[in-house]
Amino acid sequence: MATERTLSIIKPDATRRNLTGKINAKFEEAGLRIIAQKRIHLSKAQAGVFYAVHKDRPFYDELCEFMASEPVVVQVLEGEDAIAKNREVMGATNPSEAAAGTVRAEFALSIGENSVHGSDAPETAAVEIAYYFSGLELVG
Ligand code: DAT
Ligand code: MG
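Note on numbering: residues in each chain are counted from 1, in written sequence order. Going through the entries in the order they are written, you letter the chains from A and number the ligands from 1. In keeping with the model being predicted, local features are shown solely for residues with a pLDDT of at least 70 and side-chain atom pairs are shown and tallied solely at 80 or more, while totals for entire chains, interfaces and linings include all residues. To get the side-chain values, all heavy atoms of the structure are used, and hydrogens and water are removed first.

(A) Up close: the overall build of the protein. For the protein, the count of helices and strands is 7 helices and 4 strands. Mapped from its N terminus to its C terminus, the protein presents α and β elements in the order β-α-α-β-α-α-β-α-α-β-α. Relative to a compact globule of 140 residues, whose C-alpha radius of gyration would be 14 Å, the protein shows 14 Å and is just as compact. Expressed along its principal axes, the backbone C-alpha trace of the protein runs to roughly 35 × 35 × 25 Å. Each residue gets one of three labels from its accessible area relative to the maximum for its type: buried under 20%, exposed over 50%, partly exposed in between, using a 1.4 Å probe on protein chains only. Counting over 140 residues, the protein shows a buried share of 45%. Computed by Shrake-Rupley with a 1.4 Å probe, the accessible areas treat only the displayed protein chains as cover when residues are assessed. Surface summary for the protein: the accessible area is close to 7200 Å², and the carbon and sulfur share equals 53%. For the charge count, each Lys or Arg is scored as positive and each Asp or Glu as negative, with His and the chain ends excluded. To locate a charge, the coordinates of NZ of Lys, CZ of Arg, CG of Asp or CD of Glu are taken. Separation between the mean location of the 15 positive side-chain charges and that of the 20 negative ones in the protein comes to 4 Å. Labels follow the DSSP assignment, with helices taken as runs of H or I lasting at least four residues and strands as runs of E lasting at least two, numbered in each case from the N terminus. Restricting the calculation to C-alpha atoms gives the radius of gyration, and the globule rule supplies 2.2 Å times the number of residues raised to the power 0.38.

(B) Examining the site of ligand 1 more closely. What makes a residue near a molecule or strand is one non-hydrogen atom of that residue sitting within 4 Å of it. The full set of residues close to ligand 1 is Lys11, Tyr51, His54, Phe59, Leu63, Arg87, Thr93, Arg104, Ile111, Gly112 and Asn114. Side-chain polar atom of Arg104 to an oxygen atom of ligand 1: 3.0 Å apart, as the coordinates give it. Taken together, the residues of the shell around ligand 1 sort by class into 4 nonpolar, 4 polar and 3 charged. Distance and chemistry together define a polar contact, namely a pair of N or O atoms within 3.5 Å, with one atom able to donate a hydrogen and the other to accept it when in protein, and with adjacent residues in sequence counting only for side-chain atoms on both sides. Only Asp, Glu, Lys and Arg are considered charged in this grouping, and only Ala, Val, Leu, Ile, Met, Phe, Trp, Tyr, Cys and Pro are considered nonpolar; every other residue, Gly among them, is considered polar.

(C) Geometry of the pattern of salt bridges. Salt bridges, as used here, are contacts in which a Lys or Arg side-chain nitrogen is within 4 Å of a carboxyl oxygen on Asp or Glu. For the structure shown, the criterion picks out 9 salt bridges. Among the ionic pairs, Arg16 bridges to Glu113, the shortest N-O distance being 3.3 Å. One end of the pair, Arg16, is in helix α1 (residues 12-16); the other, Glu113, is in the loop between α6 (103-107) and β4 (116-118), and 97 residues separate them in sequence. For Asp56, the salt bridge identified is with Lys55, shortest N-O distance 4.0 Å. Of the two residues examined, Asp56 and Lys55, each falls in the exposed class. Here the salt bridges share partners, and the residues they tie into one network are Arg16, Glu70 and Glu113.

(D) Just helix α2 (residues 20-29), in detail. Here α2 has its buried residues at Ile23, Asn24, Lys26 and Phe27. Mapping the buried residues of α2 onto a view down its axis gives an arc of 155°, with all of them on the same face. Exposed and facing more than 90 degrees away from the buried side of α2 are Gly21, Lys22 and Glu29. A positive backbone phi angle near 90° is found at Gly31, which sits one or two residues after α2. Here, the arc refers to the directions that run from the helix axis to the C-beta atoms.

(E) Local environment of the packing of aromatic side chains. Ring pairs are drawn from Phe, Tyr and Trp, using the six-membered ring of Trp, whenever the two centres fall within 6.5 Å, and their geometry is named by plane angle: stacked under 30 degrees, edge-to-face over 60, tilted for the rest. For the structure on display, the rule yields 4 aromatic pairs. Measuring from ring centre to ring centre gives 5.0 Å for Phe50 and Tyr51, while their planes differ by 75°; the resulting arrangement is edge-to-face. Three or more aromatic residues link up through ring pairs in this structure, and these residues are Phe50, Tyr51, Tyr131 and Tyr132. Either the NZ atom of lysine or the CZ atom of arginine qualifies as a charge over a ring when it sits within 6 Å of the ring centre and within 35 degrees of the ring normal. Above the face of the Phe133 ring, Lys38 is positioned so that its terminal group lies 4.6 Å from the ring centre.

(F) The environment of Thr3, seen in detail. Looking at where Thr3 falls in the secondary structure, it is placed in strand β1 (residues 3-10). Contacts were defined at the residue level, with two residues in contact if any of their heavy atoms lie within 4.5 Å. Not counting chain neighbours up to four residues away, the residues in contact with Thr3 comprise Glu78, Gly79 and Glu80. A polar side-chain atom of Thr3 sits 3.1 Å from a polar atom in the side chain of Glu80.

Here it is, written out as structure tokens:
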């Protein structure tokens, strides 16, 4: 096991419903430390760059519109196996398939409006963290 950092986003459907604290509690209960956090309002273009890996998927435009629709909370989580642990706390992409007790099972509205983003591998985590945060903002 290694200490890792992962990029997390609390998405517009969750910030709108005042769920930031409840979601952060789940991260902290799982042993993930929030070592950086800020509230930002992405433009559609900025969301598009972040989700460029999905640019050929049919849901890409809708996804970018949604991510730019209202503010998000971007954060860096640190801990043992933080990338996998965070994906576990998040639950499956489709909330109807998410395990009980996960963020998406409890809070997601649909497969698109699914409350949280989490990096999926060390390489993507490094790129995604650098997209939103400077090194000085990461206070481990
Ligand atoms: P995850 O967010 O679990 O890593 P992903 O990387 O496959 O999932 O997709 C990124 C986001 O795109 C996902 O959180 C919500 C949206 N999305 C994925 N599949 C979708 C679909 N079939 N319809 C609508 N939105 C979808
Ligand atoms: Mg993903």
